[in-house]
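# Chain and residue survey
Take a look at the letters that make up each chain.
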Amino acid sequence: MPIRIRQHVNPLARKFQEPIPIPDWQAVYANYDRPIHLDIGCARGRFLLAMAEQNPEVNYLGIEIREQLVDSANQERDRQRLNNLHYLFGNMNSSAEVLLKSLPANSLKTISVQFPDPWFKKKHNKRRVVQPDLVAILVDYLADDGEVFLQSDIKEVAGEMRDRFAADSRLVRQHEAEWLSTNPFPVATERELYVLKQDLPVYRVLFENSTA
């Protein structure tokens, strides 16, 4: 039976301010010191599931604010017997520092934020996941030569994410054009497939940590 969930939840609600419990990473991953790809707002987790199947040498971590989706995603991971994939329930904006500090040093190699909730009303813009404080923390823990990939089908949202990451001088955009024309990953999210099927544009940006 399909999971019935709310399409959007308010990340500023009190119940989402609780810190994400930190697991024992050595128990979570078979090889806990491998490079980590962090996907923020992973939804049903199918992008990470496919990536983990294709790239066993990388550990994948998904953060999602809708708990039912996380439970379902971890159940599917267990069915697939993937020991390089884990999903956590929580709000990244209230837990980033503690969570990232717990990871093995210099292991955060890739960060992706794909098709986040747009929160169109101006008064709700503060609910968007990519906030300046979060950007600073993410880049603090991004490994040398690590990458940040952003995409959305909403140009305003993509532009805001791009500008907030671009404001950090440690990051360098990896393409001359305003938007990256293709997805650098071999797997597309469900939302990306839907948008492309409608022949609509996707706005993508790729940054690299230049502090190495």
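A brief report on the enclosed structure follows. (Residues numbered from 1 in each chain as written. Predicted model: local features only at pLDDT ≥ 70, side-chain atom pairs only at ≥ 80, totals over all residues. Heavy atoms only, no water.)

Before going further, it helps to spend a moment on the overall build of the protein. Along the protein, the regular secondary structure elements total 7 helices and 7 strands. Pairs at least 24 residues apart make up 79% of the contacts formed inside the protein by residues separated by at least 6 positions. A total accessible area of about 11,300 Å² is found for the protein, and carbon and sulfur atoms account for 48% of it. (Helix = DSSP H or I, 4+ residues; strand = E, 2+ residues; numbered from the N terminus. Contact = heavy atoms within 4.5 Å. Areas by Shrake-Rupley, 256 points an atom, 1.4 Å probe, with all protein chains shown as cover.)

Counting 36 residues, the largest nonpolar core has Leu-38, Met-92, Leu-138 and Phe-165 as the members making the most contacts within it. Looking at this core element by element, the count peaks at 5 residues for helix 5 (residues 132-141). With residues up to four places along the chain from it excluded, the contact list for Leu-38 reads Leu-61, Ile-63, Met-92, Leu-100, Leu-108, Thr-110, Ile-111, Ser-112 and Leu-138. Within the second largest apolar cluster, 19 residues are counted, among which are Leu-48, Leu-49, Met-51 and Phe-149. (Core = buried A, V, L, I, M, F, W, Y, C linked by side-chain atoms within 4.5 Å. Buried < 20%, exposed > 50% of the residue type's maximum accessible area, 1.4 Å probe, protein only.)

On to helix 3 (residues 67-80), then. Counted at 1.5 Å a residue, the expected span for helix 3 with its 14 residues is 20 Å, and the 20 Å between its end C-alpha atoms agrees. Along its buried surface, helix 3 packs onto helix 2 (46-54), strand 2 (59-64) and strand 3 (85-89). Just past helix 3, the residue Arg-81 takes up positive phi, approximately 55°. (Expected span 1.5 Å × (residues − 1).)

Our focus in this paragraph is the pairing of strand 3. A large share of strand 3 lies buried, amounting to 4 of its 5 residues. One ladder, built from 5 bridges, connects strand 2 with strand 3; its direction is parallel. Residue pairing in the sheet places Glu-64 in a bridge with Phe-89 of strand 3. Tracing the backbone out of strand 2, into helix 3 and back to the parallel element strand 3 gives a crossover that is right-handed. (Pairing = 2+ DSSP bridges. Right-handed = clockwise from strand over helix to strand, strands pointing away.)

Right, let's talk about the packing of aromatic side chains for a bit. All chains considered together, the criterion is met by 5 aromatic pairs. Between Phe-149 and Phe-185, the ring centres sit 5.4 Å apart and the planes meet at 90°, which makes this aromatic pair edge-to-face. Of the two residues, Phe-149 sits in strand 5 (residues 147-152) while Phe-185 sits in the loop between strand 6 (171-173) and helix 7 (190-197), which places them 36 residues apart along the sequence. Neither residue differs from the other here; Phe-149 and Phe-185 are each classed as buried. Among the aromatic residues, those joined into a cluster by ring pairs are Phe-47, Phe-149 and Phe-185. (Phe/Tyr/Trp six-rings, centres within 6.5 Å; stacked < 30°, edge-to-face > 60°.)

Quick look at the sheet that holds strand 2 now. To summarise the sheet geometry, strands pair through backbone hydrogen bonds and adopt either a parallel or an antiparallel arrangement. Read from one edge to the other, the open sheet built from 7 strands follows the order 3-2-1-4-5-7-6, with strand pairing classed as mixed. The two strands at the open ends of the sheet, each matched to only one other strand, are strand 3 and strand 6. The sheet shows a mean angle of 20° between the axes of neighbouring strands, direction not considered. Along the sheet, helix 6 (residues 155-166) makes contact with strand 4 (108-114), strand 5, strand 6 and strand 7 (203-209), crossing strand 5 at roughly 160°. (Axes fitted to C-alpha atoms, helices over the stretch in contact; angles between N-to-C directions.)

Following the sequence through the fold, Arg-128 ends up in the loop between strand 4 and helix 5. Look at Arg-128 and you get buried, because its relative accessible area is 3%. Among the polar contacts made by the side chain of Arg-128, one reaches the side chain of Glu-156 at a distance of 3.0 Å. (Polar contact = N/O pair within 3.5 Å; in protein donor to acceptor, adjacent residues only side chain to side chain.)

Our focus in this paragraph is the pattern of salt bridges. Enumeration according to the criterion identifies 13 salt bridges in this entry. Between Glu-156 and Arg-128 there is a salt bridge, with the nearest N and O atoms lying 3.0 Å from each other. One end of the pair, Glu-156, is in helix 6; the other, Arg-128, is in the loop between strand 4 and helix 5, and 28 residues separate them in sequence. Overall, the relative accessible area of 44% leaves Glu-156 in the partly exposed class. Two residues, Arg-164 and Glu-160, come together in a salt bridge whose shortest N-O distance is 3.7 Å. (Salt bridge = Lys/Arg side-chain N within 4 Å of Asp/Glu carboxyl O.)

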